[in-house]
Amino acid sequence: EAKQSNVMDLELADYQRTIESLEQRIRDKDAEIVACKEETLQRDQLIDTMKRDTQLADEQRDQAEERAKKIKAVLVRTRKELSDGKKEALEQKQREAELNFQLSLT
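Described below are features of the structure shown in this document.

**Description of the overall build of the protein chain**
- Secondary structure assignment for the protein chain yields 1 helix and 0 strands.
- Over its C-alpha trace the protein chain gives a radius of gyration of 45 Å, far above what one expects of a compact globule, namely 13 Å for 106 residues.
- The buried share of the protein chain, reckoned over its 106 residues, is 0%.
- In the form shown here, the protein chain has an accessible surface area of approximately 10300 Å², with 56% of it arising from carbon and sulfur atoms.
- Charge centroids of the protein chain, computed over 21 positive and 25 negative side chains, lie 12 Å from each other.

Encoded structure:
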């Protein structure tokens, strides 16, 4: 009976070591899960930040394009005004020349 008790003690000790080993593996896996969840959260936050940055960059690009269109419209209008002014100045000089010519004839 002592031999049988000794065998049972050995089996029980082996069983307890197995349980401790499995419990340690569970703790390790739980730690891995926590680490993965933290990493996922960090990556989700990074993705959100990148989306906001992208949206802001898109808005800034749209604003810059709108400003460029307005500046281009002003430039086109200014060029036309300049061209019209040069044309008027040339016509004025031609009229002056004609008047001076007519005065010189009289």
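**Considerations on the pattern of salt bridges**
- Enumeration over the complete set of coordinates arrives at 6 salt bridges.
- A salt bridge links arginine 61 to aspartate 58, with the nearest nitrogen and oxygen atoms 3.1 Å apart. One end of the pair is arginine 61 and the other is aspartate 58, both in helix α1 (residues 2–105) and 3 residues apart, which spans about a single turn.
- Each member of the salt-bridge network shares a partner with another, and the members are Asp58, Arg61, Asp62 and Glu65.

**Some remarks on the environment of glutamine 55**
- Within the fold, glutamine 55 resides in helix α1.
- For glutamine 55, a relative accessible area of 48% gives the class partly exposed.
- Sequence separation of glutamine 55 and glycine 85 is 30 residues, and the distance between their C-alpha atoms is 45 Å.

So, how was this worked out
- Residues numbered from 1 in each chain as written.
- Predicted model: local features only at pLDDT ≥ 70, side-chain atom pairs only at ≥ 80, totals over all residues.
- Heavy atoms only, no water.
- Helix = DSSP H or I, 4+ residues; strand = E, 2+ residues; numbered from the N terminus.
- Rg over C-alpha atoms; globule rule 2.2 N^0.38 Å.
- Buried < 20%, exposed > 50% of the residue type's maximum accessible area, 1.4 Å probe, protein only.
- Areas by Shrake-Rupley, 256 points an atom, 1.4 Å probe, with all protein chains shown as cover.
- Lys, Arg positive; Asp, Glu negative; His and termini not counted.
- Charge placed at Lys NZ, Arg CZ, Asp CG, Glu CD.
- Salt bridge = Lys/Arg side-chain N within 4 Å of Asp/Glu carboxyl O.

Read these as spatial facts, not as claims about activity.
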